[in-house]
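Commentary on secondary and tertiary structure
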Amino acid sequence: MSENNILDKAFQSAICIFKLQQYLVNTYREYVLSKQLLRSGTSIGANINEAQAAQSHADFIAKMAIASK
C-alpha cells in the first residue's frame, strides 16, 4: 500500500463507480447518466494528482478543494 491514503481511497472509489456504471449500462441500458457518473466520479483522483504537483501551498489547497467538491 502506498503512502497516500487519500489517493488510494479515490482509486478504490473510482473502481466502485466504474462497476456501478457497468451495472447501469448492462442492466438498464442507461448510457447518458452512467457516463456522467463515470466522468465525475473518476475526476476526483485526477484532481488529487494535479494537487500534488501544485506550485504553492495555496495552489495545493485550491486544487484539493476542487477535488472535494
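Bear in mind that the values here come from a model prediction, so they are computed numbers and not experimental data. (Residues numbered from 1 in each chain as written. Predicted model: local features only at pLDDT ≥ 70, side-chain atom pairs only at ≥ 80, totals over all residues. Heavy atoms only, no water.)

Section: the pattern of salt bridges
Per the counting criterion, the structure on display carries 2 salt bridges. With a closest N to O distance of 3.1 Å, K63 and E50 form a salt bridge. Of the two residues, K63 sits in helix α3 (residues 57-68) while E50 sits in helix α2 (residues 32-52), which places them 13 residues apart along the sequence. Taking relative accessible area as the criterion, E50 reaches 42% and is therefore assigned partly exposed. K63 is the partner of D59 in a salt bridge, and the nearest nitrogen-oxygen pair spans 3.7 Å. Taken together, the positions of D59 and K63, both in helix α3 and 4 residues apart, correspond to about one turn of that helix. Judged by its relative accessible area of 23%, D59 is partly exposed. Taken together, the shared-partner salt bridges connect E50, D59 and K63 into one network. (Salt bridge = Lys/Arg side-chain N within 4 Å of Asp/Glu carboxyl O. Helix = DSSP H or I, 4+ residues; strand = E, 2+ residues; numbered from the N terminus. Buried < 20%, exposed > 50% of the residue type's maximum accessible area, 1.4 Å probe, protein only.)

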